[in-house]
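So the chains spell out like this:
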There are 2 protein chains.
Amino acid sequence: MADNIQALYDLLQQVRPLHRRVVRSVGDHLDGTGIGVGERAVLALLVESGPLSVPAIGRALFLPRQNIQKWVDGLRVADLVERRANPAHRRSYLIAATEEGRGLFAGIRKREDAAIAGLAARLSSSEVEAARAVLAACLEHFSPFEDDPDHPRPLA
Amino acid sequence: MADNIQALYDLLQQVRPLHRRVVRSVGDHLDGTGIGVGERAVLALLVESGPLSVPAIGRALFLPRQNIQKWVDGLRVADLVERRANPAHRRSYLIAATEEGRGLFAGIRKREDAAIAGLAARLSSSEVEAARAVLAACLEHFSPFEDDPDHPRPLA
């Protein structure tokens, strides 16, 4: 039991450096696309989940609404997303990926997938699945520590 | 193969939110200790690895030397770490945890371990080990994207 706590502690210690490296890798794959990692995260969500309001994007990404608005504005200027009427709220609107946005994100995912293909080939699907399940359990366990996106605190 | 790439992609998508939650959790366990997550990371390293120079701390934590110096200064003021002569370099010095620093960190680890004990009990040791191995493989795969701690770039 104490051993498993130590093993889990060691696992959690890997999260920060891995986060840093993944963010940089994602950023490098955006070279030449004209968007940054924040815009990419918003575009990915809209492509994968369909149209969403700005507050809903903030809740899904656990990021402050001001950041989301800035990234949405950048994506709109580049014609990668567009506003649509929100059937649920007459005075608000939804943000949706455009065809151009979908095309750009497909290209980004292709590069990202190519960059992890070698790693995926070295790992068995049961190893990846076990890791995904453990990280999901950790995420759930630490969910009380997630931000309220409407009242974010700075990270440390 | 394509399935494993998608599974690995999904796994990597969990890293950012998990990082955020773990940082906040670690920060909450520091309430009343008078130190923050940066100081805690330095103190943990010194307790676990023994005395190190400031540049060596930066390399181990992959963080800019200016941040490390600030946290070391804070820990020294609180008598949690102290300077020692560096046998390898007459004009530099090593930073070492004091008895007080070791005692404080032991208390912090006790709280942190208590906070993950329930999670550790729900996971088998083979699951945790598989996850640790996969994250270690990911860390290694993305190592070209780690910062040079002497020339850090801002994240994103």
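Note that the structure is predicted; figures quoted are calculated from it, not measured.

K.L.:
Lay out the interface of chain A and chain B in plain terms, naming residues and giving numbers.
P.N.:
Tallying the contact residues gives 57 residues for chain A and 57 residues for chain B. The set of elements that each furnish at least two residues to the side of chain A that touches chain B consists of α1 (2-13), α2 (15-28), α3 (37-49), α6 (99-122) and α7 (125-141) of chain A. With 15 residues, α7 of chain A is the largest single contributor of residues to the side of chain A that touches chain B. Residue composition of the side of chain A that touches chain B, by class: 34 nonpolar, ten polar and 13 charged.

K.L.:
I'd like a description of the nonpolar core, backed by residues and values.
P.N.:
Side chains of nonpolar character tend, in soluble globular proteins, to be buried together. Within the largest apolar cluster, 36 residues are counted, with the highest numbers of intra-cluster contacts made by Leu8, Ala131 and Val134 of chain A together with Leu8, Ala131 and Val134 of chain B. Broken down by secondary-structure element, the contributors of at least two residues to this core are α1, α2, α6 and α7 of chain A together with α1 (2-13), α2 (15-28), α6 (99-122) and α7 (125-141) of chain B. Beyond its immediate sequence surroundings of up to four residues, Val134 of chain B is in contact with Leu123, Glu127, Val128 and Ala131 of chain A.

K.L.:
Explain the relation of the copies chain A and chain B to me, using residue names and the numbers behind them.
P.N.:
Once chain A has been moved 0.0 Å along the axis and rotated by 180°, it coincides with chain B to within an RMSD of 0.0 Å. Taken together, the turn and the small shift mark the pair as related by a two-fold rotation axis. No C-alpha of chain A lies nearer the rotation axis than that of Ala131 of chain A, which sits 2.0 Å from it. Here 100% of the interface residues in chain A have copies in chain B that are interface residues too; the copies meet face to matching face.

K.L.:
Tell me about the environment of Glu112 of chain A, residues and numbers included.
P.N.:
All names here are of chain A. Here Glu112 is to be found in helix α6. A C-alpha to C-alpha distance of 9.8 Å links Glu112 and Asp28, two positions 84 residues apart in sequence. Ignoring any residue separated from it by four or fewer positions in sequence, one finds Glu112 in contact with Val26 and His29.

K.L.:
Any details on helix α3 (residues 37-49) of chain B? Residues and values, ideally.
P.N.:
Residue and element names in this part refer to chain B. A rise of 1.5 Å per residue sets the reference length of α3, with its 13 residues, at 18 Å; its end C-alpha atoms lie 18 Å apart and thus fit the reference within 8%. The set of residues buried in α3 consists of Glu39, Arg40, Ala41, Val42, Leu43, Leu46 and Val47. The elements touched by buried residues of α3 are α2, α4 (54-61), α5 (65-77), β1 (81-85), β2 (93-97) and α6. Once α3 finishes, Gly50 follows within two positions and takes phi at roughly 90°, a positive value.

Each value, and the rule that gives it
- Residues numbered from 1 in each chain as written.
- Chains lettered and ligands numbered in written order.
- Predicted model: local features only at pLDDT ≥ 70, side-chain atom pairs only at ≥ 80, totals over all residues.
- Contact = placed C-beta atoms within 7 Å.
- Helix = DSSP H or I, 4+ residues; strand = E, 2+ residues; numbered from the N terminus.
- Nonpolar A, V, L, I, M, F, W, Y, C, P; charged D, E, K, R; others polar.
- Core = buried A, V, L, I, M, F, W, Y, C linked by C-beta atoms within 7 Å.
- Buried ≥ 20, exposed ≤ 12 C-beta atoms within 10 Å, placed from the backbone.
- Least-squares fit on C-alpha atoms with pLDDT ≥ 70 in both.
- Expected span 1.5 Å × (residues − 1).

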